[in-house]
Each structure stands twice: as structure tokens, then as C-alpha cells.
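Coordinates in review
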Amino acid sequence: AQSVTQLGSHVSVSEGALVLLRCNYSSSVPPYLFWYVQYPNQGLQLLLKYTTGATLVKGINGFEAEFKKSETSFHLTKPSAHMSDAAEYFCAVSESAAGNKLTFGGGTRVLVKP
Amino acid sequence: GAGVSQSPSNKVTEKGKDVELRCDPISGHTALYWYRQRLGQGLEFLIYFQGNSAPDKSGLPSDRFSAERTGESVSTLTIQRTQQEDSAVYLCASSSQTGTTGSPLHFGNGTRLTVT
């Protein structure tokens, strides 16, 4: 069985500061890992995904995440927060690269302070 | 083109009533998924369709929940005899293919169900 843990249901950052959202997973098979973002009043959008190959994955809007197998982690970072980054972020794991039957973490809501 | 469309966007119903939630996937997407998001929690997988068949119903929480898909297009999720614990946002997603590689899931905005 797979599971995902996101540390911190709410994160507050200042505009221009580093954004770090933590995600740890458990999986009995090599995982495929995803970050989704949900902006206010919008559906979830894929931010980035790790399937195979390079462990540092770059996504949209300047976000990136690094797969660390030894730590079973897939933390999401952005060097400099922008007001438009205020949203809820979900980490997810799947047994397939297509990410169909996703198992989601509880989500982290990001607040960006001016 | 249009994204995944869900209706209604909000539904308030009395305990014990039946509700139907509708999902219109992106045209041509063969795979369709239903998820549920309870307040303050992550998304729970409910059911997955490939075409009109549902190879994975493992997430349906009880026999009060059922779903169907017709014409490899529209899907309806039906909840019979609703209970207060059914209150949640029900999300639908579609993708163009399944397997080891494929497009990511495209989510609708969800239906917020409130059972009073």
C-alpha cells in the first residue's frame, strides 16, 4: 500500500523568500511522484512529476522537486515566493507514470505575505 | 478546448436523499477518475473508468456509492441515502491514456456536497 505524508497543513512565507514544502512517501514499488497545485476556485493542476531519470525535476512557475530515495522524500521548493503562489499544494504517489490511481497527501496551504 | 466540467458546483441535500453528480471529461480522454476530498484532508480515490468499464472500484466507501460512464464520455456518481459523513468535495479527473506513460490527470473544479 502507498501513503503520502505532507508535513505542515499551512505554511506562511514572505514574498521573495524560499518556499519549501515537505513530502514523504511510502511505496512497495518504485514510485512515481507528483505535485499538484490548486489555486483558489480552480481545479488541481499538475505542477511537476518524477517518473524515471534525473532526480531533480523542474516544473511550472519556477518550482522544482528532488526525489531522494534514501529519504523517501520528494520535497517541493521555489527560491523566491511570489504572491501568485498562494494556493494549496498536494503531493501524490502512483504506481504508474501516468499517475492514474494517485494516493494524495493531506495538502499544504501556502500563504504569501507581502 | 474545454476542460473537465462538473455539475452541480454546489449541492445541499437532506440526510437520506439520493444525489447524482455529473462529470464531463475532456473530449477524447479515455480514462476518468473520481476522487473525494473531505474538509482538511487529502484526496481519496473512489473509482476509475477506462472507457465505459470500471476496472478499479476499490475506493468506493460503501454500497450506497455507485458510478457509471456512458459513451466513453459523461460519468455520473450516485450516492444513495446520503449521510452527513458524505459531505465533501467530489472531484473528477480525466486523462488521455493509461499505462506506463501518458498524459497527467486533468481535474475539474469539483462538486461541493453538503448533507444536512
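Higher on the page you've got the structure.
Residues numbered from 1 in each chain as written. Chains lettered and ligands numbered in written order. Predicted model: local features only at pLDDT ≥ 70, side-chain atom pairs only at ≥ 80, totals over all residues. Heavy atoms only, no water.

**Focus on the overall build of chain A**
Selection criterion: We count a stretch as a helix when DSSP gives it H or I for four or more residues in a row; a strand needs E for two or more, and each element gets its number in order from the N terminus. Atoms counted for the radius of gyration: C-alpha only. Globule rule: 2.2 Å times the number of residues to the power 0.38. Only protein chains enter the accessibility calculation, which uses a 1.4 Å probe; a residue whose area is less than 20% of its type maximum is buried, one above 50% is exposed, and one in between is partly exposed. By definition, residues are in contact when any of their heavy atoms lie within 4.5 Å.
A tally of helices and strands in chain A yields zero helices and 11 strands. Along chain A, from the amino end to the carboxyl end, the secondary structure elements read β-β-β-β-β-β-β-β-β-β-β. The globule rule puts the C-alpha radius of gyration for 114 residues at 13 Å, and the 13 Å found for chain A is close to it. Oriented by its inertia axes, the alpha-carbon framework of chain A measures out at about 40 × 25 × 20 Å. Considering chain A as a whole, with its 114 residues, one finds that 47% of them fall into the buried category. Expressed as a percentage of contacts within chain A between residues at least 6 apart in sequence, the contacts between residues at least 24 apart total 58%.

**A look at the overall build of chain B**
As a reminder of what qualifies: The protein chains shown are the only cover counted for residues, whose accessible areas, like all others here, come from Shrake-Rupley with a 1.4 Å probe. By the counting rule applied here, Lys and Arg register as positive and Asp and Glu as negative, while His and the ends of each chain are not counted. All charge positions are set by atom: Lys at NZ, Arg at CZ, Asp at CG, Glu at CD.
A tally of helices and strands in chain B yields zero helices and 11 strands. Counting from the amino terminus, chain B carries its helices and strands in the arrangement β-β-β-β-β-β-β-β-β-β-β. Relative to the globule expectation of 13 Å for 116 residues, the C-alpha radius of gyration of chain B, 13 Å, shows essentially globular dimensions. Expressed along its principal axes, the backbone C-alpha trace of chain B runs to roughly 40 × 30 × 25 Å. Pairs at least 24 apart in sequence give 53% of the contacts found in chain B among residues at least 6 apart. Just so you have it, chain B exposes about 5500 Å², and 44% of that area is on carbon and sulfur atoms. Put simply, chain B has 11 plus and 11 minus side-chain charges, and the middle of one group is 4 Å from the middle of the other.

**Some remarks on unusual backbone geometry**
A cis amide bond links S7 of chain B to the next residue, P8 of chain B, at an omega of -10°. Mapped onto the fold, P8 of chain B is located in the loop between β1 (5–7) and β2 (10–13). In this structure, N41 of chain A is a non-glycine residue whose phi angle is positive, near 65°. Tracing the backbone shows N41 of chain A in the loop between β4 (32–38) and β5 (44–50). Despite not being glycine, T72 of chain A shows a phi value in the positive range, around 45°. Structurally, T72 of chain A is set in the loop between β7 (64–68) and β8 (73–78).

**Quick look at the nonpolar core**
What counts here: The criterion is simple. A nonpolar core is a set of buried Ala, Val, Leu, Ile, Met, Phe, Trp, Tyr and Cys residues joined through side-chain atoms within 4.5 Å.
If you look at the biggest cluster of nonpolar residues, it comprises 27 residues, and the most contacted ones within it are L21, W35, L47, L48, F74, L76 and Y89 of chain A. The contacts of L21 of chain A, once residues within four sequence positions are left out, are V11, W35, H75, L76, Y89, T108 and V110 of chain A.

**Digging into the state of the cysteines**
Rule in force here: We call a pair of cysteine sulfur atoms a disulfide when they lie within 2.5 Å.
In the structure shown here, the tally under the stated rule is two disulfides over all chains. Each sulfur in the disulfide pair C23 of chain A and C91 of chain A lies 1.9 Å from the other. Around the S-S axis, the bridge from C23 of chain A to C91 of chain A shows a dihedral of about -65° and counts as left-handed. Linking C23 of chain A in strand β3 (residues 19–26) with C91 of chain A in strand β9 (residues 87–94), this pair joins segments that are 68 residues apart in sequence. Taken individually, C23 of chain A and C91 of chain A each receive the classification buried, so the pair is uniform in this respect. In this model C23 of chain B forms its disulfide with C92 of chain B; the gap between the sulfur atoms is 1.9 Å.

**As for the pairing of strand β6 (residues 53–56) of chain B**
Side chains on a regular strand alternate between the two faces of the sheet. All names here are of chain B. Put simply, the rule reads: Being paired, for any two strands, means DSSP has found at least two bridges between them.
Relative to β6, strand β5 (residues 43–50) is paired through two bridges, and the arrangement is antiparallel. Note on β6: the bridge partner recorded for Q50 is S53. Hairpin connection from β5 to β6: two residues lie between these consecutive antiparallel strands, with G51 at a positive phi of about 65°.

**Quick word on the pairing of β5 of chain A**
All names here are of chain A. Bridging between β4 and β5 involves six bridges; their strand directions are antiparallel. From the neighbouring strand, Y36 faces β5, where its bridge partner is L46. Where β4 hands over to β5, the hairpin turn is made up of five residues, of which N41 adopts a positive phi near 65°.

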